[in-house]
Amino acid sequence: MKADRYRFDGTNRCDLRELPCNGKDDDLDKEKILAKTAENLQEMAALQDALYADGREGVIFVLQALDAAGKDSTIKHVMGGLNPQGVQVTSFKQPSSEELRHDFLWRVHKALPPRGGIAIFNRSYYEDVLVVQLHELYKGYKMPPRTLDGGKKEFFKKRYRQIEHYEEYLYENGYRIVKIFLHVSKKEQKKRFLERIDDPAKNWKFSHSDVAERAFFDEYTDLFNTVINETACAHSPWYALPADQKWYTRYLVSEIVVDTLRRCCHTYPRLSEEALAELKDCRVQLEAEDL
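Rules of the game
Residues numbered from 1 in each chain as written. Predicted model: local features only at pLDDT ≥ 70, side-chain atom pairs only at ≥ 80, totals over all residues. Heavy atoms only, no water. Patch = residues over 30% accessible without salt bridge, like charges linked within 9 Å, V, L, I, M, F, W, Y side chains within 5 Å. Areas by Shrake-Rupley, 256 points an atom, 1.4 Å probe, with all protein chains shown as cover. Salt bridge = Lys/Arg side-chain N within 4 Å of Asp/Glu carboxyl O. Lys, Arg positive; Asp, Glu negative; His and termini not counted. Charge placed at Lys NZ, Arg CZ, Asp CG, Glu CD. Helix = DSSP H or I, 4+ residues; strand = E, 2+ residues; numbered from the N terminus. Buried < 20%, exposed > 50% of the residue type's maximum accessible area, 1.4 Å probe, protein only. Axes fitted to C-alpha atoms, helices over the stretch in contact; angles between N-to-C directions. Parallel < 35°, antiparallel > 145°, perpendicular 65-115°, else oblique. Left-handed = near helix turned anticlockwise from the far one by under 90°. Contact = heavy atoms within 4.5 Å. Nonpolar A, V, L, I, M, F, W, Y, C, P; charged D, E, K, R; others polar. Pairing = 2+ DSSP bridges. Phe/Tyr/Trp six-rings, centres within 6.5 Å; stacked < 30°, edge-to-face > 60°. Core = buried A, V, L, I, M, F, W, Y, C linked by side-chain atoms within 4.5 Å. 1 Å grid on protein atoms, 1.4 Å probe; cavity = no way out; pocket = protein on both sides within 12 Å on 5 of 7 lines; lining within 4 Å. Points joined across faces, edges and corners; volume = space filled by probe spheres on them.

**Some details on a negative patch on the surface**
1) Next: A grouping of Glu164, Glu168, Glu172 and Glu230 is seen on the molecular surface, where their side chains present a negatively charged patch.
2) Next: Among the elements that line the negative patch, the one with the most residues is helix H7 (residues 152–172), at three residues.
3) Next: Within the secondary structure, Glu168 sits in helix H7.
4) Next: Take Glu168: its relative accessible area is 34%, and that puts it in the partly exposed class.

Set out below in structure tokens:
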């Protein structure tokens, strides 16, 4: 699948500055891509139904990106093809005072789906090694000196390890974690910011803090690059997808979702002989009704 080009599982190094932010090199036919996306959404729904019925595995899709890369629209247009009864979407905002009193994975663990379900994380625990690292927010945490005395590099080295072990723990307990980074260019981000300013229906999506964070665009890009390389592995890979063309990004995400669900356990439960006999009896009763 086309998304494999952007897959990182620990065997290959990610270099975001070398990866494209658009699909110009992928020999694209927009009409065909849109048609394939629609096909993927249909298959996705069928696979999700079987995953839910089987109930042995849970799936977590992590979406990370810089501002205006299209996380919300991706969730709406791609994940909207799933049955909402079996999906829970969690947007991880700035930690509350209660959340800051716990370890950084506490609020994440509460958001896990039951096996058979799907979780979509709009941002995630990766914020704790991204914005927290860039702005050195960890210095304000109420934690014992032994956790902070090693310095910034050592602190986040431990967090990378903790994340890696946490994802391994989830995998060994029946969950699949797929992490997606929407790789938007600085030029396209500027264009989308201006659209949000000019369109009254999009004004609510924009704030002055977006411009302030844009000043760190290059720093965030380098940090995302480090985070991907430090936490990518076979059982919880990263995908760094071009995000300048939303229709193509949505197609790639739909490919990834379908591929992930295909790999899951999705066998419909088989009824016992007694239960099958009861079904036959019910059929006889229904067919005998005089309507």
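**Brief notes about the packing of H7 against helix H10 (residues 217–231)**
1) Next: Where H7 meets H10, the axes come as close as 9 Å, and the angle between the chain directions of the two elements is 50 degrees. As judged from the angle between their axes, H7 and H10 are oblique. As for the relative orientation of H7 and H10, their crossing is right-handed in sense. From H7, Tyr160, Ile163, Glu164 and Glu167 reach across to H10, where they touch Leu223, Thr226, Val227, Glu230 and Thr231.
2) Next: In terms of residue class, the contact of H7 with H10 is built from four nonpolar, two polar and three charged.

**A word on the sheet that holds strand E5 (residues 175–183)**
1) Next: Strand order in the open sheet made by the six strands is E1-E6-E5-E2-E4-E3, with mixed pairing throughout. For this open sheet the edge positions go to strand E1 (7–8) and strand E3 (87–91), each flanked by a neighbour on one side alone.
2) Next: Bridge count between E5 and strand E6 (residues 238–242): five bridges; the pairing is parallel. Among the inter-strand pairings, His183 is bridged to a residue of E6, identified as Pro242.

**Quick notes on the packing of aromatic side chains**
1) Next: Scanning all chains against the criterion turns up 12 aromatic pairs.
2) Next: The interplanar angle of 25 degrees and the centroid separation of 6.4 Å between the aromatic rings of Tyr166 and Tyr169 together place this pair among those described as stacked. Residue Tyr166 and its partner Tyr169 are both found in helix H7; the two are separated by three residues, about one turn of the helix.
3) Next: Classification of Tyr166 as buried rests on a relative accessible area of 10%.
4) Next: Aromatic side chains Trp247 and Tyr248 sit 6.1 Å apart centroid to centroid with 55 degrees between the ring planes, which places their arrangement in the tilted category. The pair formed by Trp247 and Tyr248 is uniform in burial state, with each residue classed as buried.
5) Next: Counting every residue linked through ring pairs, the aromatic cluster contains Tyr125, Tyr126, Tyr166, Tyr169 and Trp238.

**Some details on the nonpolar core**
Across soluble globular proteins, you tend to see nonpolar side chains buried next to one another.
1) Next: Counting 75 residues, the largest nonpolar core has Ile60, Met79, Phe121, Tyr125, Tyr126 and Ile180 as the members making the most contacts within it.
2) Next: Dropping the residues within four chain positions of it, Ile60 is found in contact with Leu112, Pro113, Ala119, Phe121, Leu170, Tyr175, Arg176, Ile177 and Val178.

**A few points about empty space enclosed by the protein**
To find leftover empty space, a probe the size of one water molecule is rolled over the atoms.
1) Next: Throughout the structure, instances matching the rule amount to two cavities of 30 Å³ or more.
2) Next: Empty space within the largest cavity amounts to approximately 40 Å³.
3) Next: Taken together, Leu66, Phe181, Leu182, His183, Val184, Phe217 and Thr221 make up the full set of residues lining the largest cavity.
4) Next: With three residues, E5 is the single largest residue contributor to the lining of the largest cavity.
5) Next: Lining the second largest cavity are Ala69, Gly70, Ser73, Thr74, Leu182, Ala243, Lys246, Thr249 and Arg250.
6) Next: Per-element accounting of the lining of the second largest cavity gives the leading share, three residues, to helix H11 (residues 246–263).

**Focus on the packing of helix H1 (residues 30–54) against H11**
1) Next: Running from N to C, H1 and H11 cross one another at 30 degrees; their axes reach a closest spacing of 9 Å. As summarised for this structure, H1 and H11 are arranged roughly parallel, according to the angle between their axes. Handedness of the crossing formed by H1 with H11: left-handed. Two secondary-structure elements touch here, H1 through Lys30, Ile33, Leu34, Lys36, Thr37, Asn40, Glu43, Met44, Leu47, Gln48 and Leu51 and H11 through Trp247, Tyr248, Arg250, Tyr251, Ser254, Glu255, Val257, Val258, Leu261 and Arg262.
2) Next: Each residue belonging to the contact of H1 with H11 can be placed in one class, and the counts come to 11 nonpolar, four polar and six charged.

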